[in-house]
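The primary structure of each chain is shown beneath.
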Amino acid sequence: MKTYISILLIMSIISFGHTQISIDSYPKSMNLKLDNTTNEYKTQSFDYNLIKAQDQEDIENGKPYKFGHNISVDINFFEKANLTILKNGDKVYRLKIISKDALSLNFIFNNFQLSKNSELFLYDEEYSNIIGAFTHLNNKASRRFSTTPIFSDTIIIEFYEPFNIPNDSKINISNIIHGYKNLNNNRGYDDSQSCHNNVNCAAAQPWIDEKNSVVMTITDGGTRLCSGTMINNVNQDYEPYFLTSQNCLGGHEDWIFMFNYESPTCQNQDGIISNTTSGSILIENNSFSDFALLKLSEIPPASYNAYYAGWDAREIVPSNCVVIHHPVGDVKKISFHNGNAISDGWFFNDDSHWRITDWYSGITEPGSYGAPLFNENFHIVGQLHGGESECENSTNDYFGKFSKSWTLGLNQWLDPNNTGIQVLNGSSENDLPDPNLTYEISNDYILVMDQEIENSYFNIYNDGEQESTLSYSMYNSPFSSL
């Protein structure tokens, strides 16, 4: 009898997770099954035809992608909400916001201050989409706060306050954003053009760190979408600096930063939309190279796995470039270029921009504005100002040069001690040493006759980075006989 043995090896790398800023909790109205009768606030109707005409002007003027209409309001939550006092004295305030036919609703609060142990939630009537609990940890010196869109035309805002807590919270709504275009998981994941590449396709694997630096932003009073990137500084202290296009600026104190919105596979699938932070401070900007540097008001939790991308401030022509971005607010995409970028300008040939003459795979669109251009060494060399590329003609996208932005103010923040460093690699707080498995085997298929014994040696090595940990398991395949 002849017997074959096949030895298989499985490797896994150990990772660690962390909690987020918002606490793990649920609305009291859901847990206690409270009567769902609440006070209502209804927005006024507006002229869709006028909005569509404005959208066409935006396209012609190269403005960031607009998905929502901003409705200015002045709503003191505690004056409008109805109050339920529970048997133990705890209080639950609720207010229903209705904006008829909205595809999504998001909010800006211009007076937001929550007391300790209180909780704030926003959700649809079916509790199918809940954000929160927001707590005093979300308070800011500016007293402003903004929320990510919820996909409904009816949203309930609920505030819970324990019995023994003084009622010193402030909640005032200044803006309701009525979403009139499909966004995120209401979109079917294919509003962007068909020739894009998802960031979790095989061709994008070398860029796995850099893709974790790219973030989608909800800008301009919660109505527009852009892209941008978390960026490293010479001190490598993980200051939450964010690089984007000046073209995206507007209401930056209320921006929402959405991390990790990507398809988990190469095929279009929904991504998570809960990894967000709210608010930022404008640090530096300049129109010549169309850059804006912001500092996030909330530090991204470790669970977001944010990567702080590296950069190259030298005036060296980049080649074989890559851009990672969110076209029209779609899941994260990646586009590839072969050859050298061309030194050019936005209005004139003033050497302020890098021009990508042709993408060999992928393109950019509105919503991609602000996205980083990486050279072949994984360093940022620019950010997207705008362009002309489309699937049928993937030409001429313009990126403000990082080398020009450097001398226009970036150097003060990314090299605060004036070390003179011109090239810096990216890094991450979660950047554990990477293991790498290698092995030697004298024979992976062993042929033995009945009653015979044959030895084969199998050596496993971890030749990865120092202090890395390699975990693996081994097993024999079932014996086969002939």
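Note that the structure is a prediction, hence the values are computed from the model and not measured.

K.L.:
I tried to follow unusual backbone geometry on my own but got confused; where do I start?
P.N.:
Backbone geometry follows two general trends: most residues other than glycine have a negative phi, and most peptide bonds adopt the trans configuration. The linkage connecting G132 with the following residue, A133, adopts the cis geometry, with an omega of 5°. By the element assignment, A133 lies in strand 9 (residues 130-134). Its identity as a non-glycine residue notwithstanding, N117 has a phi of 75°, on the positive side. Topologically, N117 is positioned in the loop between strand 7 (104-113) and strand 8 (119-124). One non-glycine residue with positive phi stands out, namely N320, at about 50°. Considering the arrangement of structural elements, one finds N320 in the loop between strand 21 (310-312) and strand 22 (322-325).

K.L.:
What should I look at first to understand the state of the cysteines in this one?
P.N.:
Taken as a whole and judged by the stated rule, the model has three disulfides. There is a disulfide in this structure between C201 and C266, and the S-S distance comes to 2.0 Å. Between C201 and C266, the S-S dihedral sits near 90°, and the bridge is therefore right-handed. Taken together, the residues span a long stretch of sequence, with C201 in the loop between strand 13 (197-198) and helix 4 (208-211) and C266 in the loop between strand 17 (256-258) and strand 18 (276-278) at a distance of 65 residues. The buried category is assigned to C201, whose relative accessible area is 13%. Residue C266 is classed as partly exposed on the basis of its relative accessible area of 36%. For C226, the disulfide goes to C248, at an S-S distance of 2.1 Å.

K.L.:
Would you explain the packing of aromatic side chains in this entry?
P.N.:
For any two aromatic rings, the description comes down to two numbers: the centre-to-centre distance and the angle of the planes. Across all of its chains, the model carries 22 aromatic pairs by this definition. Ring geometry for W311 and W406: centres 4.7 Å apart, planes at 40°, overall tilted. One end of the pair, W311, is in strand 21; the other, W406, is in helix 5 (residues 402-414), with 95 residues separating them in the sequence. Ring centres of W359 and F399 lie 6.2 Å apart, and the angle between their planes is 75°; this geometry places the pair in the edge-to-face category. With W359 in the loop between strand 25 (353-356) and strand 26 (372-374) and F399 in strand 28 (residues 397-401), this residue pair connects regions lying 40 residues apart in the sequence. Judged by its relative accessible area of 0%, F399 falls in the buried class. Positioned above the aromatic ring of Y65, the side-chain terminus of K181 is 4.7 Å from the ring centre. Over the ring of W354 we find K401; its NZ or CZ atom is 4.1 Å from the centre of that ring.

K.L.:
What am I meant to see in the pattern of salt bridges here?
P.N.:
Working definition: two side chains of opposite charge can pair if their charged atoms are close together. Under the counting rule described, the total for this entry stands at 13 salt bridges. The partner of K211 in a salt bridge is E262, and the shortest N-O contact between them spans 2.4 Å. Of the two residues, K211 sits in helix 4 while E262 sits in the loop between strand 17 and strand 18, which places them 51 residues apart along the sequence. Comparing K211 with E262, the two get one shared label, buried.

K.L.:
How do you make sense of the sheet that holds strand 4 (residues 68-76) when you look at a structure like this?
P.N.:
Taking strand neighbours across the sheet as the criterion, the four strands line up as 4-12-7-10 in an open arrangement whose pairing is antiparallel. The outermost strands of the open sheet, each flanked by one partner alone, are strand 4 and strand 10 (145-146). Alignment of strand 7 against strand 12 (residues 170-179), held across nine bridges, turns out to be antiparallel. Of the residues in strand 12, the one forming a bridge with F109 is I173.

K.L.:
Help me understand the environment of N138 in this model?
P.N.:
Residue position: N138 is located in the loop between strand 9 and strand 10. N138 sits 159 residues away from S297 along the chain, and the two C-alpha atoms are 9.6 Å apart.

K.L.:
Sorry if this is basic, but what is going on with a nonpolar patch on the surface here?
P.N.:
On the surface, W346, F347 and F348 cluster together to form a nonpolar patch covering roughly 400 Å² of accessible area. One can find W346 in the loop between strand 24 (342-344) and strand 25. Exposure remark for W346: the relative accessible area of 31% places this residue in the partly exposed category.

K.L.:
So what exactly am I meant to see when it comes to the nonpolar core here?
P.N.:
One recurring pattern in soluble globular proteins is that nonpolar side chains are buried together. If you look at the biggest cluster of nonpolar residues, it comprises 27 residues, and the most contacted ones within it are F77, F107, L120 and L122. Secondary-structure elements contributing two or more residues to this core are strand 4, helix 3 (77-80), strand 6 (91-98), strand 7, strand 8, strand 9, strand 11 (154-161) and strand 12. In terms of residue count, strand 7 provides more of this core than any other element does, four residues in total. One finds F242, L294, A341 and Y369 within the second-largest nonpolar core, a separate group that totals 26 residues.

K.L.:
I keep staring at the confidence of the model for the chain and nothing clicks. Help me out?
P.N.:
Interpretation of this model should avoid reading the predicted coordinates in detail wherever pLDDT is low. The share of residues in the chain with pLDDT of 70 or more is 88%, and the mean pLDDT across the chain is 88. Here residues 1-20 scores under 50 on pLDDT; set against residues more than four positions off or in separate chains, the count is 72 contacts. Segment residues 185-190 is flagged for pLDDT under 50; beyond a separation of four residues in sequence, or across chains, it makes 19 contacts in the model.

K.L.:
Got a minute to help me understand helix 2 (residues 48-61) in this structure?
P.N.:
Each α-helix turn comprises 3.6 residues. Residues three or four places apart therefore point the same way. End to end, helix 2 covers 20 Å across 14 residues, agreeing with the expected 20 Å (1.5 Å per residue, within 8%). Within the sequence span of helix 2, burial applies to I51, D55 and D58. Looking straight down helix 2, one finds its buried side chains confined to an arc of 55°; they lie on one side. Opposite the packed face of helix 2, turned more than 90 degrees from it, sit the exposed residues N49, E60 and N61. For helix 2, the secondary structure elements touched by its buried residues are strand 3 (65-66), strand 4 and strand 15 (224-230). At the N-terminal end of helix 2, a side-chain oxygen is found 3.0 Å from the backbone nitrogen of N49, two or three residues along, and the residue is D47.

Calculation criteria
Residues numbered from 1 in each chain as written. Predicted model: local features only at pLDDT ≥ 70, side-chain atom pairs only at ≥ 80, totals over all residues. Heavy atoms only, no water. Helix = DSSP H or I, 4+ residues; strand = E, 2+ residues; numbered from the N terminus. Disulfide = S-S within 2.5 Å. Buried < 20%, exposed > 50% of the residue type's maximum accessible area, 1.4 Å probe, protein only. Phe/Tyr/Trp six-rings, centres within 6.5 Å; stacked < 30°, edge-to-face > 60°. Lys NZ or Arg CZ within 6 Å of the ring centre and 35° of its normal. Salt bridge = Lys/Arg side-chain N within 4 Å of Asp/Glu carboxyl O. Pairing = 2+ DSSP bridges. Patch = residues over 30% accessible without salt bridge, like charges linked within 9 Å, V, L, I, M, F, W, Y side chains within 5 Å. Areas by Shrake-Rupley, 256 points an atom, 1.4 Å probe, with all protein chains shown as cover. Core = buried A, V, L, I, M, F, W, Y, C linked by side-chain atoms within 4.5 Å. pLDDT = per-residue confidence, 0-100. Contact = heavy atoms within 4.5 Å. Expected span 1.5 Å × (residues − 1). Arc of directions from axis to C-beta. Polar contact = N/O pair within 3.5 Å; in protein donor to acceptor, adjacent residues only side chain to side chain.

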